[in-house]
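# Examining the three-dimensional arrangement
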Amino acid sequence: MLGGVTRMTVSLVVILFELTGALSHVLPIMVGVMSAKWVGDALGEDGIYNVWIAMRQYPFIPPVDYNLNDRGRTAADAMRPFGTLVKIQEGHSTLKDIENLTSKYDFHGFPVVRGRDLIGYATRNKLLSFKFLGLHLSADTSKKKCRFSSLKQKTPFSTSEKKYLKL
């Protein structure tokens, strides 16, 4: 029954084999699980887990068939070069620059960088929630530089966190 509802095959056989511990029961369990899976596939397309994911509207990336044209592609092929990224330069970007970024691009957020080091990620909602964007942007405040980290913080870890990193 579990094989027909969940569409698990090999993992279910291994679990049942480990529970029983009898090698003589593996073949009948395999036949039963595969029969249940085939009956389940004949009655419906998806297993219970896929149905629950769709019913609860959880984010889900369905499996994609392997494309022969994509053979040899790596994650680096999908990434953009650093120079083409839309980013906030920590300590260099002004309030006017940030207002221009949020009005020009509809991205969900922007990486905050210092040089070529990633400092953090500023979401669009947080940037738009600041009162100075759009509402209090004057000639004086528009030239103010934005900082997203303290000046003391040179490394991504504080001294209290470093003691846990030492071996």
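Keep in mind that this is a model prediction, so the values were computed, not measured.

Reading the values: the criteria
- Residues numbered from 1 in each chain as written.
- Predicted model: local features only at pLDDT ≥ 70, side-chain atom pairs only at ≥ 80, totals over all residues.
- Heavy atoms only, no water.
- UniProt positions renumbered as here; feature names shortened; annotations may be inferred.
- Helix = DSSP H or I, 4+ residues; strand = E, 2+ residues; numbered from the N terminus.
- Core = buried A, V, L, I, M, F, W, Y, C linked by side-chain atoms within 4.5 Å.
- Buried < 20%, exposed > 50% of the residue type's maximum accessible area, 1.4 Å probe, protein only.
- Contact = heavy atoms within 4.5 Å.
- Arc of directions from axis to C-beta.
- Pairing = 2+ DSSP bridges.

What follows concerns the UniProt feature "signal peptide" (unreviewed entry) in the protein. The UniProt record annotates "signal peptide" (unreviewed entry) at residues 1-24. The span residues 1-24 carries 67% helix and 0% strand; its end-to-end C-alpha distance comes to 20 Å.

Most often, soluble globular proteins have nonpolar side chains that are buried together. One finds Val86, Ile88, Leu95, Ile98, Leu101, Phe110, Val112, Ala122, Leu127 and Cys146 forming the largest nonpolar core, which totals 10 residues. Those elements that provide at least two residues to this core are α6 (95-104) and β2 (109-114). When residues in this core are grouped by element, the largest group, three residues, is from α6. With sequence-adjacent residues up to four places away left out, Cys146 is seen in contact with Glu90, Gly91, Ser93, Thr94, Leu95 and Ile98.

Turning our eyes to something else, we now look at α6. Those residues of α6 lying buried are Leu95, Ile98, Glu99, Leu101 and Thr102. One side of α6 carries all its buried residues, which in axial view fall inside an arc of 160 degrees. Opposite the buried face of α6, at more than 90 degrees from it, the exposed residues are Ser103 and Lys104. In this fold, the buried residues of α6 make contact with β1 (88-89), β2 and α7 (124-129).

Relative to β2, β1 runs parallel, the two sharing two bridges. Bridging across to β2, Gln89 finds its partner in Val113. Here β2 runs beside strand β3 (residues 117-123); their pairing, made up of six bridges, is antiparallel. Following the sheet pairing, Phe110 is matched in β3 by Ala122. In textbook terms, the turn of a hairpin is the stretch between consecutive antiparallel strands, and for β2 and β3 this stretch comprises two residues, one of which, Gly115, has a positive phi near 70 degrees.

Once that is clear, we can look at unusual backbone geometry. Here Arg7, not a glycine, exhibits a phi torsion of approximately 65 degrees, which is positive. Here Arg7 lies in the loop between α1 (2-6) and α2 (10-20). Residue Arg7 is classed as buried on the basis of its relative accessible area of 17%. Positive phi values are uncommon outside glycine, yet Gln57 reaches one of about 55 degrees. Within the secondary structure, Gln57 is located in the loop between α4 (48-56) and α5 (75-78). Judged by relative accessible area, Gln57 falls into the exposed class, the value being 70%.

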